Amino acid sequence: MGREARRRDEAGLPGFEIVRCDEEIVVVDKPAGLLTAPTPESDRGNLARLVAEKVGGTIYVVHRLDLGTSGLLVMARTEEANRALSEVFRAHDVERAYMAGLKGVVAWDERTVNEPVAGRHAETRFSVVERFEAGATLARCVLTTGRTHQIRLHAKHLGHPVMGDTQHGEASEIDPPRMALHAAVLGIKHPRTGEMLRFESPLPDALSEWVAGLRESGSR
């Protein structure tokens, strides 16, 4: 079964994958189109609720992925784990790398953006993975900090917005079927044992097939 062919629940919500689950943490591979946590408008139809129903007990949201972003995130199962992980994320002592489809063929190989987000320091390191003649670039984006919409805003700052990002970018004829942003790597220290954990998630089917189509037009 493909990664985006997972069964939807009774409410028609996209399926998700639990990558690791123990007494302290749950690492989840979130699909695009599913909220990470409740919003003021609704407390249903979100990943935190679905994970709690699946594993039982209380789930604490440590960090979030945007609605249109897929990939890896960690949730806590105890108050102690939540405090420990929250501190790790506040200190930015976590490995997070994303794959993004950027609009246009970028001229640089690597670029670091230090541009405040909502008045707070934010830093993203971009490195080119592949350029496509059709007019797009696949890039690896490493977060030094983690602010809301950080990669999307920093990509726009570079003049190469994330493709499929209707909020911060512009539509094009080669847009992907969903926003081209995927949390591909998550590295954290286990809140109880101190063990270093590292998880990787390949591009979901919709994005990998889109990249394959771009590749047919030619790569640089």
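Please refer to the structure higher up on the page.
Scoring rules and cut-offs
Residues numbered from 1 in each chain as written. Predicted model: local features only at pLDDT ≥ 70, side-chain atom pairs only at ≥ 80, totals over all residues. Heavy atoms only, no water. Helix = DSSP H or I, 4+ residues; strand = E, 2+ residues; numbered from the N terminus. Rg over C-alpha atoms; globule rule 2.2 N^0.38 Å. Buried < 20%, exposed > 50% of the residue type's maximum accessible area, 1.4 Å probe, protein only. Core = buried A, V, L, I, M, F, W, Y, C linked by side-chain atoms within 4.5 Å. Contact = heavy atoms within 4.5 Å.

Student: Help me understand the overall build of the protein chain, please; the structure alone is not making it clear to me.
Tutor: Looking only at helices and strands, the protein chain has four helices and 10 strands in total. Going from the N terminus to the C terminus, the protein chain shows its helices and strands as β-β-α-β-β-α-β-β-β-β-α-β-β-α. Against the 2.2 N^0.38 benchmark of 17 Å for 220 residues, the protein chain shows a C-alpha radius of gyration of 17 Å, consistent with a compact globule. Once the C-alpha set of the protein chain is aligned to its principal axes, its extents read approximately 50 × 40 × 35 Å. Of all 220 residues assigned to the protein chain, the portion counted as buried reaches 50%.

Student: What am I meant to see in the nonpolar core here?
Tutor: If you look at soluble globular proteins, the nonpolar side chains tend to sit buried side by side. One finds Leu47, Val51, Tyr98, Leu102, Phe126, Ile151 and Val162 to be the most contacted residues of the largest nonpolar core, which totals 29 residues. Residue assignment for this core shows that the elements contributing at least two residues are β2 (25-30), α1 (47-55), β4 (70-76), β5 (95-103), β8 (136-143), α3 (150-157) and β9 (181-189). Examining the composition of this core, we find that four residues originate from one element, α1, more than from any other. The residues touching Val51, leaving out its near neighbours within four places in the chain, are Phe16, Val26, Val28, Gly56, Ile59 and Met75. In this structure, Leu72, Ala76, Val88 and Ile188 belong to the second largest nonpolar core, which totals 15 residues.

Student: Can you help me understand the environment of Gly68 in this one?
Tutor: In this fold, Gly68 is placed in the loop between β3 (60-61) and β4. Accessibility expressed as a relative area gives 23% for Gly68, which makes it partly exposed. The sequence separation of Gly68 and Asp165 amounts to 97 residues, and the corresponding C-alpha distance is 8.4 Å. In contact with Gly68, not counting residues within four places along its chain, are Ala32, Gly33, Arg178, Met179 and Leu181.

Student: Would you take a moment to explain the environment of Val51 for this structure?
Tutor: Within the secondary structure, Val51 is located in helix α1. Between the C-alpha atoms of Val51 and His190, which are 139 residues apart in sequence, the distance is 19 Å.

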